[in-house]
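Below, each chain spelled out in residue letters.
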Amino acid sequence: MRNFWVSILTIATVVSNSLAQRPNKPSSTEIHHNLQKLNFLGTALYIAAHPDDENTRLISYLSNHDKARTAYLSITRGDGGQNLIGSELRELLGVLRTQELLAARRVDGGEQWFTRANDFGYSKHPKETLKIWDKEKVLGDVVWAIRNLKPDVIINRFDHRTPGSTHGHHTSSAMLSVEAFDMANNPNAYPQQLQLTDTWQPRRVFFNTSWWFYGSRENFEKADKSKMLKLDVGVYYPELGLSNNEIASIASSQHLCQGFGRITTRGSQDEYVELLKGDLPSSNNLFDGIDTTWSRVKRGKAVGDILYRIEKNFDFTNPSTHIPDLVKAYQLLQNIEDEHWKTLKSKELQSIIMDCAGLYLEANADASSTTAGGSVKINVEALNRSSQSITLKEINLIGGNTKLSPNKVLGNNGKENIELEFTVPQSTSNSGPYWLNRTGSLGMYTVDNQNMIGKPETPSAFFAEFILSFNGIEIGFEKPVIRRHSKPDKGELYEPFVVLPEVTSSISEKVLIFSDSNTKEVLVNVKAGKNDVSGEVALVHPAGWTVSPAKIPFSIAQKGQEQSVTFMVTPPEHDSEGKISVSIHIGNETHDKELVEIAYDHIPKQSILLPSEAKVVRMNIQKSGEHIGYIMGAGDKVPESLKQIGYQVHTIDPADIKAGSLDKYDAIVVGIRAYNVVEDLKFKQPVLFDYVENGGNMIVQYNTSGRWAKQFENIAPYDLTLSRDRVTDETAKVSIVANDHSLVNFPNTIKESDFDGWVQERGLYFPKEWSPEFTPILSMGDEGEAQTEGSLLVAPYGDGHYIYTGLSFFRELPAGVSGAYKLFANMLSVGKSEVKSESNVKG
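Everything numeric here is computed off the predicted structure, so don't read it as measured data.

Procedures and definitions
Residues numbered from 1 in each chain as written. Predicted model: local features only at pLDDT ≥ 70, side-chain atom pairs only at ≥ 80, totals over all residues. Heavy atoms only, no water. Axes fitted to C-alpha atoms, helices over the stretch in contact; angles between N-to-C directions. Helix = DSSP H or I, 4+ residues; strand = E, 2+ residues; numbered from the N terminus. Parallel < 35°, antiparallel > 145°, perpendicular 65-115°, else oblique. Left-handed = near helix turned anticlockwise from the far one by under 90°. Contact = heavy atoms within 4.5 Å. Pairing = 2+ DSSP bridges. Buried < 20%, exposed > 50% of the residue type's maximum accessible area, 1.4 Å probe, protein only. 1 Å grid on protein atoms, 1.4 Å probe; cavity = no way out; pocket = protein on both sides within 12 Å on 5 of 7 lines; lining within 4 Å. Points joined across faces, edges and corners; volume = space filled by probe spheres on them. Nonpolar A, V, L, I, M, F, W, Y, C, P; charged D, E, K, R; others polar. Phe/Tyr/Trp six-rings, centres within 6.5 Å; stacked < 30°, edge-to-face > 60°. Lys NZ or Arg CZ within 6 Å of the ring centre and 35° of its normal. Expected span 1.5 Å × (residues − 1). Arc of directions from axis to C-beta. Salt bridge = Lys/Arg side-chain N within 4 Å of Asp/Glu carboxyl O.

A.B. asks: Help me understand the packing of helix α2 (residues 28-38) against helix α10 (residues 300-312) in this model?
C.D. replies: It is the contact of α2 with α10, at a shortest axis distance of 10 Å, that shows an interaxial angle of 150°. Classified by the angle between their axes, α2 and α10 sit roughly antiparallel to one another. Considering how the two elements wind past one another, α2 and α10 form a crossing that is left-handed. Where α2 approaches α10, its residues H32, L35, Q36 and L38 are matched on the opposing element by L307, I310 and E311.

A.B. asks: Looking at this structure, I do not really get the sheet that holds strand β24 (residues 520-528). What am I missing?
C.D. replies: Read across the sheet, four strands follow the order β22-β24-β28-β26 without closing on themselves; strand pairing throughout is antiparallel. Here the strands that pair on one side only, and so sit at the sheet edges, are β22 (503-507) and β26 (546-548). Pairs of neighbouring strands in the sheet enclose a mean axial angle of 30°, with direction left out of account. Here three bridges tie β26 to strand β28 (residues 562-570), and the two strands are oriented antiparallel to one another. Within β28, the residue paired with T546 across the bridge is T570.

A.B. asks: Can you help me understand unusual backbone geometry in this one?
C.D. replies: Residues apart from glycine generally show negative phi values, whereas peptide bonds are mostly found in trans. Here the bond from S548 into P549 is cis, since omega is -10°, no more than 30 degrees from zero. Considering the arrangement of structural elements, one finds P549 in the loop between β26 and β27 (552-556). Notably, D52 is not glycine yet its phi reads approximately 80°, a positive angle. On the basis of relative accessible area, D52 is assigned to the buried category, the value being 13%.

A.B. asks: Please explain empty space enclosed by the protein as it appears in this structure.
C.D. replies: Using a probe with the size of a water molecule, rolled over the atoms, empty space left in the structure can be pinpointed. Per the stated rule, a full pass over the model turns up one cavity of 30 Å³ or more. Of the pockets and cavities examined, the largest cavity occupies roughly 50 Å³. Residue lining of the largest cavity: R77, F114, T115, R116, Y434, W435, Y445, V447, G454 and K455, and that is the complete set. Residue composition of the lining of the largest cavity, by class: five nonpolar, two polar and three charged.

A.B. asks: Mind showing me how you'd approach the sheet that holds strand β9 (residues 270-278) here?
C.D. replies: Strands in a sheet are paired, the pairing made by backbone hydrogen bonds, and the direction either parallel or antiparallel. With mixed pairing, seven strands are arranged side by side in an open sheet as β3-β2-β1-β4-β5-β9-β6. Of all the strands in the sheet, the pair left with one neighbour each is β3 (111-114) and β6 (228-232). For this sheet the average axis-to-axis angle between neighbouring strands, irrespective of direction, equals 30°. Pairing geometry for strand β1 (residues 43-48) and strand β4 (residues 153-156), over four bridges, is parallel. Each bridged residue has a counterpart across the sheet, and for I47 the counterpart in β4 is N156. Packed on one face of the sheet, helix α3 (residues 56-65) meets β1, β2 (69-74), β4, β6 and β9 and runs near 150° to β2.

A.B. asks: What should I look at first to understand the packing of aromatic side chains in this one?
C.D. replies: The geometry of an aromatic ring pair is captured by two quantities: the separation of the ring centres and the angle between the planes. Under the criterion given, the structure shown has 22 aromatic pairs. On the numbers, 4.9 Å between centres and 75° between planes, the contact of F207 with F213 is edge-to-face. F213 gets classed as partly exposed once you look at its relative accessible area, which sits at 29%. With a centroid separation of 4.9 Å and 90° between ring planes, the pair formed by F809 and F824 is classed as edge-to-face. Pair noted here: F809 is in helix α16 (residues 809-812) and F824 is in helix α17 (residues 818-828), with a separation of 15 residues, a long-range link. F824 matches F809 in its accessibility class, with the two residues each being buried. Aromatic ring contacts, followed pair by pair, group F689, Y718, F774, Y797 and Y802 into a single cluster. The ring centre of W435 lies 3.4 Å from the NZ or CZ of R77, which sits over that ring. Positioned above the aromatic ring of F514 is the side chain of K520, whose terminal nitrogen or guanidinium carbon lies 5.1 Å from the ring centre.

A.B. asks: How should α10 be read in this particular structure?
C.D. replies: Owing to its 3.6 residues per turn, the α-helix brings residues three or four apart onto one side. Compared with the 18 Å implied by 1.5 Å per residue over 13 residues, the 18 Å span of α10 between its first and last C-alpha is a close match. The complete set of buried residues in α10 reads G300, V303, G304, I306, L307 and I310. The buried residues of α10 all sit within an arc of 165° when viewed along its axis, so they share a single face. Turned more than 90 degrees away from the buried face of α10 sit K301 and K312, all of them exposed.

A.B. asks: Can you help me understand the pattern of salt bridges in this one?
C.D. replies: Side chains that carry opposite charge are capable of pairing whenever their charged atoms lie near each other. What the rule picks out here adds up to 40 salt bridges. In this structure, K124 and D782 form a salt bridge, with 2.8 Å as the shortest nitrogen-oxygen distance. Taken together, the residues K124 in the loop between β3 and α5 (126-133) and D782 in the loop between β42 (778-780) and β43 (792-797) connect sequence positions 658 residues apart. Linking K605 and E495 is a salt bridge whose minimum nitrogen-to-oxygen distance equals 3.9 Å. Of the two residues, K605 is situated in the loop between β31 (593-598) and β32 (606-611) and E495 in strand β20 (residues 491-496); the sequence distance between them amounts to 110 residues.

Shown next as structure tokens:
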């Protein structure tokens, strides 16, 4: 049976520019499908706020039914979200979600674009959103995308007319789109962009509405639909063997870190779009009245005459018979004056020529990484699987200043392998997400190169250009240099070929808590990016802190090997916060980056270079208890954080929970969203509650009440109803409403000042109703909203205590927020003050 992914990934033959993917191997029916796309000269742009906001049903419909070039502009990369599959948060989560979007576009046939906006977390109103984002810059990025993509139609995911009714990012994305619709054609708007692109006026902008925006299906049935188009997005594509909504489900399922994995659906399904600006189509066709034929461009008719004939008379048994005509069309295409369509359609036509000839072109490096100045061997493979006359004239290594002139005829199914070696220029920049190269702000990434703005990822540093001659007509085909290899337990693997520093480093602990003035060992790992690297390692530290020794030499023989060195770090006597950073000296060069790799099966491996540093915090903190049992949920770094303040944290497999097995722990902590993702927990609640009843302390961190929730009634020993209530402003005032409770008095006295310095938010998914056994500890609320007391609830149960908290400890502890550490230590110590008092009396 044919591998499904070989089939589905060929839908996006041309538009995907993601690095190191398996090469497309389309069938003849899929080639014909792409030929139909080649013959459609129209563009649609879908706009929303985050990864996973996009309507993959509509994107796939526009791409595969209408055959339009279809792009999704995600205003952010989703950096402020949560992560269901791992511990990546903030900028690393943004990298992961970027790749999930690219994976989705490879399925549904769309392209992916971004702005420089940073997802700073949930926002309740677009006023806050646009202030933090820097509206003028983000609006300029939307205008830039429109001017470059030149869409005929724009579709907004959200309604710009309802500020404050949903996530502020959502409404803002629609507001920016509507404003940019008119602005993109104004030469006085962002005039500096016009040195690189042209003005453009889209024909129409729509709102992708549905019953959800009306509150109920009944309300939507009654709504005025005179300005709406209805599209059946459940259409079936015989050439692909899939329904449109099947493709959409698979595309959406690429958002695994957001819990979007789902079963496929099929059958008729209606989608609605409401006209906001422009002329109303006379039919349910978004491109109605727009010339999407080759006649749209001057001198395009001659090209179209050839390509329409090929489409109509396509030879499914031997597509290579069309190569002479395809090459002739390519020649004519180079003569049209419209640079926009010439560039786009030349790439598409090149891809179809390759597919019809069964051409396999590859540049495979002997390693997945190199360094500036390093030597690299590349195996070049060229294979013609057709009877057409094709000659490999030249191979140019773009970025490597290397050129070969094999001038070899590629016979039918005869493979040519050529090995070349080149030296990476010293001026070559390190690989990695371009938007992370410079420090940004809370709401914006810093990108100075205008041509990079909007791109989903950093282009490969090296491309192999194959100059092929088709009966004397030369066409160049570019392929990124990649690393293809195999593992016995994985099979064939493709990885990006990246340029990295000759040495990187990392501090083992990202947050170091000093509860007293005693010296701690700090371990620094040094990793070689090439063979035979040596130098000295130093730690840069804040004033008042001391580090010894000042420098430590290292020497590593083999690339990829690591060497650990240990520094002694002593804090000051008083409270202090700062950062320590690694500085490695090799000759006259200094290296200060950490290499972080993200590797999941559904995305290409990612290599990210971040500052090699850790936060150090000197604070007076007390704790009670020693052994903590931790039940992991969706993934967080709370256990590592608790170890920093002296706890011994033991990870508990829910399958191992049985009567009496928890008695050895001073407290049990349940990780974030555990009840949403760990099925076994619903069978273990009686054991957990028995533990509490017998004197144990159980802390449950936030669970969601929305799409991930697999709620069951006994999440707590008393009635507790979760909601979507949250406090998004990390500076929102916090009041202690249970001043006499031990939770804010033992072993640390909690003050309102302990809520200073929190990051991104106060908390989320707070309970909205609870039984009287619970005592609310804190009160908080965003500006202009009622105070909520559901962020931290504690209830005695038998001889023990149950605590439920929606406070975002999973963000605050890894960020080294001292007040969060003190509060969590108190939560772990609830009930211990009474035991201590009884012991003192007995003594």
